[in-house]
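# Coordinates in review
What follows is each chain in one-letter form.
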Amino acid sequence: MTKSVKEIIQRIIQLREKESRQLTLLAVCPNSDAVLEAAILSAEKHQTPMLLAATLNQVDRDGGYTRWTPDQFVRKAKELSSHYQVKVPIFPCLDHGGLWLKDIHAAKNLSLHEVMNELKLSLTAFLQAGYQLMHIDPTVDRSLPKGSVPSVEVIVSRTIELIQHTEAERKRMDLPPVSYEVGSEEVHGGMADLERFRFFLEHLRSKMNDQGLTEQWPCFIVAQVGTNLHTTRFDAEIASKLTSIVAPHGSLIKGHYSDWVENPQDYPRSGMGGANVGPEFTAVELQALIDLETEEIFSGAGKNINRLSQFAETLQQAVINSERWKKWLLSGEEKLSFSELSPERKQWLVETGARYVWTESAVLESRRRLYENVSQKIKDPDHWVVLRIADRISHYITSFNLENSWEFLKG
């Protein structure tokens, strides 16, 4: 039987203590077909376990923006694993399983009762599909006045309620144990303050023990380690302090928003157990497609303007039409239209928002035409894009000391 995520974390801790071997697991956010394929290809190539951390926005009962339900997502991952003859563990995971963390829930202004019920239904679906790591993250509370954050006691109470639901459903369906991840790096309730972080852990431990959830203690604790969508410097000093705090609990720290991080080699050195990367791979995918479009324009296909894919233009319009770019507007930009933004901000918003529209019909058709137009020069354009993403994934695998890691992680 393949090891669970929790068992692999325990093995990582053991290797650090007994052999001074340091490594950090990579969690790729599967925000497109190409990224998912690149992650699985990379796992087998480098012989390392791979976490596939899908958010509620990406994969859910309604299909999310990838158009994958949980069952379809896991089935696709298994098909790709079979195609690449993968012999290392591939773990489908839930990322940010929390209240109002799905954009449509926030847009509809669901009540606490409604959003809790929706999340519980999704947790059941994730279990049925075969997810093996659940990030329970009730750190947002839209029922509070704007700018307020829930207390640690409330976060702990809701964390336990969601774990209890997951465990009851798991037992009802007679499924094997799953691993858990808790906490958040978000400023709206994240555990960046060390004293607040300690209190959260102690309170969570006490309440989980009281509820008979000792065996479900999380293997990952998410915390703020200096990175977010707008910062790229990993704070190794704070990460080391957080690692020492969770060590007595038998857990490891996991960082999110590790995209474009300047010093990834410091993750294993400071004891980090895991790191999520997602938007960066969207940017790599987009740049690969832009490069293909440049090839298309300067090749024979460009002689007939009616046949050009106009990919970049089509994608930008799809991002604008989606209005999801508004989610990432900075202070002072809220009243501006897309056309009024600076060129740099437009580029960033298209790059960030591309993942939301990869599956839009106009984008799919433009991409199909692009591939067709360059296929005489590049035999398999889609695989060429996948390999570009895989090359960037390899950068993190190397930095996190994961090359051939399954050899010693399997015990």
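Residues numbered from 1 in each chain as written. Predicted model: local features only at pLDDT ≥ 70, side-chain atom pairs only at ≥ 80, totals over all residues. Heavy atoms only, no water.

### Some details on the packing of aromatic side chains
Under the defined criterion, the tally for this structure stands at nine aromatic pairs. Between the aromatic rings of Phe234 and Tyr267, the centroid separation amounts to 3.9 Å while the plane-to-plane angle is 20 degrees, which identifies the pairing as stacked. With Phe234 in the loop between β6 (220–222) and α8 (236–246) and Tyr267 in helix α9 (residues 266–269), this residue pair connects regions lying 33 residues apart in the sequence. Phe234 sits in the buried class, given a relative accessible area of 2%. With a relative accessible area of 0%, Tyr267 lands in the buried category. (Phe/Tyr/Trp six-rings, centres within 6.5 Å; stacked < 30°, edge-to-face > 60°. Helix = DSSP H or I, 4+ residues; strand = E, 2+ residues; numbered from the N terminus. Buried < 20%, exposed > 50% of the residue type's maximum accessible area, 1.4 Å probe, protein only.)

### Observations concerning the pairing of strand β8 (residues 274–277)
With burial as the criterion, each face of β8 is covered, one bearing Gly274 and Asn276 and the other bearing Ala275 and Val277. In this sheet, β8 lies alongside strand β1 (residues 25–28) in parallel orientation, the contact comprising four bridges. When the bridges of β8 are listed, Ala27 appears paired with Asn276. (Pairing = 2+ DSSP bridges.)

### As for the side chain of Arg158
Note that Arg158 resides in helix α6 (residues 152–172). The buried category is assigned to Arg158, whose relative accessible area is 11%. In this structure, Arg158 is in contact with Leu99, Leu112, Met116, Pro138 and Asp141, ignoring residues within four places of it in sequence. (Contact = heavy atoms within 4.5 Å.)

### Things to note about the sheet that holds β8
The parallel closed barrel is built from eight strands, whose spatial order is β1-β2-β3-β4-β5-β6-β7-β8. Direction aside, the axes of adjacent strands within the sheet are offset by 25 degrees on average. Helix α14 (residues 381–399) contacts β1, β2 (50–55) and β8 of the sheet and is inclined by roughly 155 degrees relative to β1. (Axes fitted to C-alpha atoms, helices over the stretch in contact; angles between N-to-C directions.)

### Focus: the nonpolar core
Where a protein is soluble and globular, its nonpolar side chains tend to be buried together. Judged by nonpolar contacts, the single largest core of 130 residues is most densely connected at Leu26, Met50, Tyr131 and Ile393. In terms of residue count, helix α2 (residues 33–46) provides more of this core than any other element does, eight residues in total. Setting aside anything within four residues of it in sequence, one finds Leu26 in contact with Met50, Leu51, Ala275, Val277, Ile393, Tyr396, Ile397, Phe400 and Leu402. (Core = buried A, V, L, I, M, F, W, Y, C linked by side-chain atoms within 4.5 Å.)

### Describing the environment of Ala288
The residue Ala288 is located in helix α10 (residues 279–297) in this model. It is 41 Å that separates the C-alpha atoms of Ala288 and Ala247, two residues lying 41 residues apart in sequence. Setting aside residues up to four positions removed in sequence, Ala288 forms contacts with Trp384, Val385 and Arg388.

### Here's the deal with the environment of Leu204
Along the chain, Leu204 falls in helix α7 (residues 194–210). Taking the C-alpha atoms as reference points, Leu204 and Lys410, separated by 206 residues in sequence, lie 30 Å from one another. If sequence neighbours within four positions are ignored, Leu204 has contacts with Val156, Thr159, Ile160, Val182, Trp217 and Pro218.

### A few points about the pattern of salt bridges
Under the defined criterion, the tally for this structure stands at 26 salt bridges. Two residues, Arg198 and Glu195, come together in a salt bridge whose shortest N-O distance is 2.6 Å. Residue Arg198 and its partner Glu195 are located together in helix α7, separated by three residues, close to a single helical turn. Residues joined by salt bridges that share partners form a network here, namely Asp60, Asp62 and Lys102. (Salt bridge = Lys/Arg side-chain N within 4 Å of Asp/Glu carboxyl O.)

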